[in-house]
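Chains, contacts and geometry: an overview
Spelled out, the chains give:
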Number of protein chains: 2
Amino acid sequence: MPARSPARHRGTRPTITDIARAADVSKSTVSLVLQGSPSIKADTASRVREAADALGYVYNRGAADLRRQASNTIGTVINDLTNPFFAELLVGLERSLAEHGYVTLMAHTGEDLATQERVLASMREHQAAGLILCPAFGTPEELLQRILWWRIPVLIVVRPVGDEGFDFAGSDNEAGTYAATKHLAERGHRRIAFLGRVGGGPVYELRRRGFARAMGEHGLAVEDEWLIDIPPTREGGRAGVRAALALRNRPTAAICYNDIVAFGALSELGEQGLRAGIDFSIVGFDGIADGAHSNPPLTTVSVNPERLGASAANLLLTRLRDPESAPLRYLAQPQLIVRQSSGWVEGTRLATPATPAPEH
Amino acid sequence: MPARSPARHRGTRPTITDIARAADVSKSTVSLVLQGSPSIKADTASRVREAADALGYVYNRGAADLRRQASNTIGTVINDLTNPFFAELLVGLERSLAEHGYVTLMAHTGEDLATQERVLASMREHQAAGLILCPAFGTPEELLQRILWWRIPVLIVVRPVGDEGFDFAGSDNEAGTYAATKHLAERGHRRIAFLGRVGGGPVYELRRRGFARAMGEHGLAVEDEWLIDIPPTREGGRAGVRAALALRNRPTAAICYNDIVAFGALSELGEQGLRAGIDFSIVGFDGIADGAHSNPPLTTVSVNPERLGASAANLLLTRLRDPESAPLRYLAQPQLIVRQSSGWVEGTRLATPATPAPEH
DNA sequence: AAAATTCATTGGAACGTTCCAAGTTCGTCT
DNA sequence: AGACGAACTTGGAACGTTCCAATGAATTTT
């Protein structure tokens, strides 16, 4: 390799070629040293490393990725970050990815399908090694097929799309609401409402089913009007409680589709002068951190969102190692956390249970 | 250019060279077409585009970035995503970046300085075009200097580091707590506590100062014990209220360092059987979405986190266009949103004001 | 002492783009 | 008819890595 090369002009970053020149070795040697190859003599290696430091060298991952035809970027698509559930999920995801040397290219869809299309295409152009997708509401299975056709490993989180066939990480929704409903029934509730978007996709369907099953097993009827159709938002929670309280055959408790619905419900109860856990019981779903400090603290079915995120990331990394194996599947077993918002017993005030707190 | 090239083997993605071969033009022409150059004849262009579609071509942004010595990746470092304030900020950031054709490389530090160092270095290797940093607590000015030395434009968000000199987007903390305190004073409160981490950096300092100034202007003394030292968390809020209620000269209201502290405070008041806004008033800071639906809804100083994020992104993009201009600075003017948690008046119950709601 | 083996290093061709300089093909003007 | 320009198109050298095949030197084996 010719020792003569054009001198580096100010402002441009040093490359392995510059290091090579400074350390008087070839660019191949520098590359090997940077990769920690054992076949380079120790003192050559340290000479190279010194030169690199002296020049303020920065590894150019883009160039390496181009040559290696690989990347350590994982595209992560979140549909609703303003829901702390997804924020906590993202924390777990990102942490786990980072721990394994991957980097997170993050995009937010706000439940918009067109945005989702756009960001996925962008991640493809960016040569993401894999994708993690919290699908926006109404995502067609066809999109997932298309992504597979791109030959990019993709993991779906939280909301299943299509029937199996894709890698998926989520929680056992049916078991979750079953436990929640059982809890309320055992505390003496006989008329229990369910607050969520009717026809709101598979997650809603499963949660409703767990509710119905538990009701049935406790010999409790489910009146149609107790299935209250509200958007899965804080406002929805308020509206749901208003609707529930207005019913002729008024429920004494409600299972909420998720924690933010439950927060809305708590808020509305307060506004109506009712005490959650005494006058009316509320149970949420998700187990977001705020639930431990709402007013009153929220009984909820915790899926431990941060841990779910970490598990999801690990699942995708497994897939990256073995692109051809059968679809992977992880279902977190949710855990009922009893706090004050369900501290109600037939006719009497229940001693508020100490938060049992095996939480983080 | 030789028309003969090795045939594409299955599994490898088509490149502009493949398109060139298919459309019987040169690779340069394909490149120009993809860039929408006007100097390519319309029918050539469409022939090329058809070939590209037929082959299922995907633009390789990494390769282009390498050649152009540029990238459209912005590194975004968030210190605490489990605080909805930062989650909403991130939403605004990402949306604005995406609208301008940039992509967000996101990392979470969890307030850990070592993690912060690591992710910043990684973003540098990834050739981020710019950085947006919500600095972890205790970030030294030296780090910022170092980043500038990297010649990567960086914007600091929320927490200033060092004295000016860096691009910054944040809110007027002093004015915010001033307005909040004034509000409480005008409602008749004379003993007001401030719940936050004493010595918790410049943001704390400014918020405390706004509080002190308003107290002074209303002729109210600030007892040392009313400055309650708690971590800026939900738990901190609970502890703060407990501490406040235990004081001999017991305050009747508290300004909280931020909304999640306020949520903790509301929770603790509830636990103690006190009604926020009636028995004790609470004001938060940040204006996160949940505040509109807490129990009771939270009076807060809203900085509109999502909009702040968008503004921050725009500021960085301005900087990218002109790398040499003087430091940029954006201070959001926060807005007091009065809700029920401060609906208290000397001796009487205040008619709960309708949420005035110019919120989003 | 020659051959074989190991060890350390290196040349140079990729990877998929961009973009400059240069080329070709026209139509138009003298 | 020849020259000139405009309108299109193209060759090929970058960008900063990796990694294969090859080289040379030192060491061991025969």
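These lines cover the structure that appears in this document, whether it is placed above or below.

1. What about the overall build of chain A?
Along the backbone of chain A there are twelve helices and 14 strands. In terms of C-alpha radius of gyration, chain A reaches 27 Å, well past the compact-globule figure of 21 Å for 360 residues. By its C-alpha atoms, chain A is 90 × 40 × 35 Å across when sized along the principal axes. Once local pairs closer than 6 in sequence are excluded, the contacts in chain A between residues at least 24 apart make up 70%.

2. Quick look at the relation of the copies chain B and chain A
Structural alignment of chain B on chain A gives an RMSD of 0.0 Å, achieved by rotating through 180 degrees and translating 0.0 Å along the axis. As the rotation angle and translation indicate, the two copies are arranged about a two-fold axis. Within chain B, L105 of chain B has its C-alpha nearest the rotation axis, a separation of 2.3 Å.

3. Let's talk about the interface of chain B and chain A
Across the contact, 43 residues belong to chain B and 43 residues belong to chain A. Residue assignment for the side of chain B that touches chain A shows that the elements contributing at least two residues are helix 4 (61–68), helix 5 (84–99), strand 2 (103–108), helix 6 (113–125), helix 10 (234–246) and helix 11 (259–271) of chain B. Among the elements that take part in the side of chain B that touches chain A, helix 5 of chain B stands out by supplying eight residues, more than any other. Here the residues of the side of chain B that touches chain A are counted per class, giving 19 nonpolar, 14 polar and ten charged. With three bridges joining them, strand 2 (residues 103–108) of chain A and strand 2 of chain B adopt antiparallel strand pairing. Within strand 2 of chain B, the position partnered with M106 of chain A by the bridge is T104 of chain B.

4. What to know about the sheet that holds strand 10 (residues 299–302) of chain A
Residue and element names in this part refer to chain A. Spatial ordering of the open sheet is given by 7-6-8-9-10-12, a layout of six strands whose pairing is mixed. If you trace the sheet from one side to the other, it starts and ends with strand 7 (227–229) and strand 12 (335–337), each paired once. On average, each strand axis in the sheet is inclined to that of its neighbour by 20 degrees, with strand direction left out of account. Strand direction decides the pairing type here: strand 10 and strand 12, joined by three bridges, are antiparallel.

5. A look at the pairing of strand 2 of chain B
Residue and element names in this part refer to chain B. Burial analysis of strand 2 places six of its six residues in the buried class, which makes it a mostly covered element. Residues V103, L105 and A107 line one face of strand 2 and the alternating positions T104, M106 and H108 line the opposite face, and both faces are buried. Pairing between strand 1 (residues 73–78) and strand 2: six bridges, direction parallel. Across the sheet, I78 pairs through a bridge with H108, a residue of strand 2. Handedness of the crossover is the feature at issue here: the chain leaves strand 1, passes through helix 5, returns alongside strand 2, and the resulting connection is right-handed.

6. Concerning the packing of helix 5 (residues 84–99) of chain A against helix 12 (residues 305–321) of chain A
All names here are of chain A. Running from amino to carboxyl end, helix 5 crosses helix 12 at an angle of 40 degrees, the nearest separation of the two axes being 7 Å. Viewed along their axes, helix 5 and helix 12 adopt a mutual orientation that is oblique. Two packed elements cross with a definite hand, and for helix 5 against helix 12 that hand is right-handed. In this structure, helix 5 uses F85, E88, L89, L90, V91, G92, L93, R95, S96 and L97 to contact helix 12, whose residues at the interface are P305, E306, R307, L308, G309, A310, A312, A313 and N314. For the contact of helix 5 with helix 12, the residue count by class is eleven nonpolar, four polar and four charged.

7. A word on helix 1 (residues 16–23) of chain B
Residue and element names in this part refer to chain B. Most of helix 1 sits out of view: six of its eight residues are buried. Of the positions making up helix 1, those classed as buried are I16, D18, I19, A20, R21 and A23. Count one or two residues on from helix 1 and you reach D24, which has phi positive near 55 degrees.

8. Regarding unusual backbone geometry
All names here are of chain A. Going from N295 to P296, the amide bond is cis rather than trans, its omega being -10 degrees. A positive phi angle, close to 65 degrees, is found at E111, a residue other than glycine. Within the secondary structure, E111 sits in the loop between strand 2 and helix 6 (113–125). E111 sits in the partly exposed class, given 15 other C-beta atoms within 10 Å.

9. Side note on the sheet that holds strand 6 (residues 192–196) of chain B
Backbone-to-backbone hydrogen bonds pair the strands of a sheet. The strands run either parallel or antiparallel. Residues and elements named next belong to chain B. If you trace the six strands from one edge of the open sheet to the other, you get 7-6-8-9-10-12, paired in mixed fashion. Of all the strands in the sheet, just strand 7 (227–229) and strand 12 (335–337) have a single pairing partner and so form its edges. The average undirected angle you get between the axes of adjacent strands in this sheet is 20 degrees. Strand direction decides the pairing type here: strand 6 and strand 8 (residues 253–256), joined by four bridges, are parallel. Within strand 8, the residue paired with F194 across the bridge is I255. Sheet strands in contact with helix 11 are strand 6, strand 8, strand 9 (281–286) and strand 10 (299–302), and its direction is about 155 degrees off that of strand 9.

10. Notes on the pairing of strand 6 of chain B
Residues and elements named next belong to chain B. A large share of strand 6 lies buried, amounting to five of its five residues. Taking every second residue as pointing to the same face, both faces of strand 6 are buried, with I192, F194 and G196 on one and A193 and L195 on the other. In this structure, strand 6 lies alongside strand 7, joined through three bridges in parallel fashion. Looking across to strand 7, one finds that F194 is bridged to L227. Regarding topology, helix 9 (residues 201–217) serves as the crossover connection from strand 6 to the parallel strand 7, and that connection is right-handed.

11. Looking at the environment of F285 of chain A
Residues and elements named next belong to chain A. Turning to its location among the elements, F285 is positioned in strand 9 (residues 281–286). Separated by 23 residues in sequence, F285 and A262 have C-alpha atoms that sit 8.1 Å apart. In contact with F285, other than residues within four places in its own chain, are G176, T177, R207, C256, Y257, N258, D259, T300 and V301.

Scoring rules and cut-offs
Residues numbered from 1 in each chain as written. Chains lettered and ligands numbered in written order. Predicted model: local features only at pLDDT ≥ 70, side-chain atom pairs only at ≥ 80, totals over all residues. Helix = DSSP H or I, 4+ residues; strand = E, 2+ residues; numbered from the N terminus. Rg over C-alpha atoms; globule rule 2.2 N^0.38 Å. Contact = placed C-beta atoms within 7 Å. Least-squares fit on C-alpha atoms with pLDDT ≥ 70 in both. Nonpolar A, V, L, I, M, F, W, Y, C, P; charged D, E, K, R; others polar. Pairing = 2+ DSSP bridges. Axes fitted to C-alpha atoms, helices over the stretch in contact; angles between N-to-C directions. Buried ≥ 20, exposed ≤ 12 C-beta atoms within 10 Å, placed from the backbone. Right-handed = clockwise from strand over helix to strand, strands pointing away. Parallel < 35°, antiparallel > 145°, perpendicular 65-115°, else oblique. Left-handed = near helix turned anticlockwise from the far one by under 90°.

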